[in-house]
Amino acid sequence: MGSGPTKVIWAHSWLAGQEAYEGLIPFLDTEQFTWVFPDFRGYGRSRGLAGDFSVSEMGRDLIEVADVLGWGGFHLVGHSMGGQAAQWVAGHPEFRDRLSSLALLCAVPSRAFPLDEDGTKLFEAATDDPDARATVITAVTGGRLGAGFVRHVNELSRKTADPAAMRAYLRTWTQDDVSGEVTAYQRPVLVLTGQHDPVLTAAVAEEQIIPQYTDVRSLVLDGSAHLPPMEIPARTVTVIAEHILGATATATASG
């Protein structure tokens, strides 16, 4: 999307593929930026692709997207589960120099985010059962947005996510600790959390994500919970674009 010189890849969350970000499209700056929203294996256009559904596989697939596009360098945005993969890319010695900046949006920590027994049962049920999935969507948005919003996200999830892949990714983001591989990324990082996110809170980010980085800024998104691209799309795009342009300006001035 777009034809600008500033190139951005967006890694999506667990609930649905890239179609969940269609609400962002009207607010994207397509003159300064080129935005790409790929699907992880098991979602959307990649629904039929097999794999091990690991953090490293997600990260390598993001790099492959950049390679196919011919992008040597780019900015990376990771939302929720996609944020765990983005942290892995930024920490990998083979790939980190290709990232001009990193934005982590309601991100799963690199060390994973284990659920308690009840939470595990609910999320496992949500991979197949639309009623359980509706409960998850309601929970991660703080029960604030009504039945219509929940129905919309539920339908997007049903259409774009393969249940078997969701089960595999659930194990990944709740159990796979890759924090030992997240080192030495020195470029600008923006850590965003939702004001009403009941799970991946600002406190979680402060303890488990922010200490990984040196050039890091954090911001709480007012009026949003765990799905800012759907809850407050214009604000989400604006904050991320400002971060990326700021990183670009800094790199230009120092280079």
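Draft legend 1. Representation of the pattern of salt bridges within the structure. What the rule picks out here adds up to 9 salt bridges. Residues K121 and E117 are paired through a salt bridge, measuring 3.4 Å at the closest nitrogen-oxygen approach. Of this pair, K121 and E117 both sit in helix α3 (residues 117-126), 4 residues apart, which is roughly one turn of that helix. A salt bridge links E155 to R158; the nearest nitrogen and oxygen atoms lie 2.5 Å apart. Taken together, the residues span about one helical turn, with E155 and R158 both in helix α5 (residues 146-160) at a distance of 3 residues. For E155, a relative accessible area of 34% corresponds to the partly exposed category.

Draft legend 2. Main features of the sheet that holds strand β2 (residues 33-36). Read from one edge to the other, the open sheet built from 6 strands follows the order β2-β1-β3-β4-β5-β6, with strand pairing classed as parallel. Of all strands in the sheet, those bounded by a partner on one side alone are β2 and β6 (216-221). Here the strands of the sheet are splayed against their neighbours by 20° on average, with no regard to which way each runs. Direction of pairing for strand β5 (residues 189-194) relative to β6: parallel, over a ladder of 6 bridges.

Draft legend 3. Structural detail: the packing of helix α4 (residues 130-140) against α5. α5 packs onto α4 with a crossing angle of 120° between their chain directions and a minimal axis gap of 9 Å. If you check the angle between α4 and α5, you find them oblique. α5 is crossed by α4, and the crossing has right-handed handedness. Together, P130, R133, A134, I137 and T138 of α4 and F149, V150, V153, N154, S157 and R158 of α5 make up the contact between the two elements. Along the lines of polarity and charge, the residues of the contact of α4 with α5 split into 6 nonpolar, 3 polar and 2 charged.

Draft legend 4. Focus on unusual backbone geometry. At C106, a residue that is not glycine, the phi angle is positive and equals roughly 50°. Position of C106 among the secondary structure elements: in the loop between β4 (99-105) and α3.

Draft legend 5. Layout of the packing of aromatic side chains. Under the counting rule described, the total for this entry stands at 10 aromatic pairs. Seen in terms of ring centroids, W10 and Y21 are 5.5 Å apart; in terms of plane orientation they differ by 45°. Their pairing is tilted. Placement of W10 in strand β1 (residues 6-11) and of Y21 in the loop between β1 and β2 is noted, with a sequence separation of 11 residues between them. Each member of the aromatic cluster is reached from another via a ring pair, and the members are W10, Y21 and F37.

Conventions adopted
- Residues numbered from 1 in each chain as written.
- Predicted model: local features only at pLDDT ≥ 70, side-chain atom pairs only at ≥ 80, totals over all residues.
- Heavy atoms only, no water.
- Salt bridge = Lys/Arg side-chain N within 4 Å of Asp/Glu carboxyl O.
- Helix = DSSP H or I, 4+ residues; strand = E, 2+ residues; numbered from the N terminus.
- Buried < 20%, exposed > 50% of the residue type's maximum accessible area, 1.4 Å probe, protein only.
- Pairing = 2+ DSSP bridges.
- Axes fitted to C-alpha atoms, helices over the stretch in contact; angles between N-to-C directions.
- Parallel < 35°, antiparallel > 145°, perpendicular 65-115°, else oblique.
- Left-handed = near helix turned anticlockwise from the far one by under 90°.
- Contact = heavy atoms within 4.5 Å.
- Nonpolar A, V, L, I, M, F, W, Y, C, P; charged D, E, K, R; others polar.
- Phe/Tyr/Trp six-rings, centres within 6.5 Å; stacked < 30°, edge-to-face > 60°.

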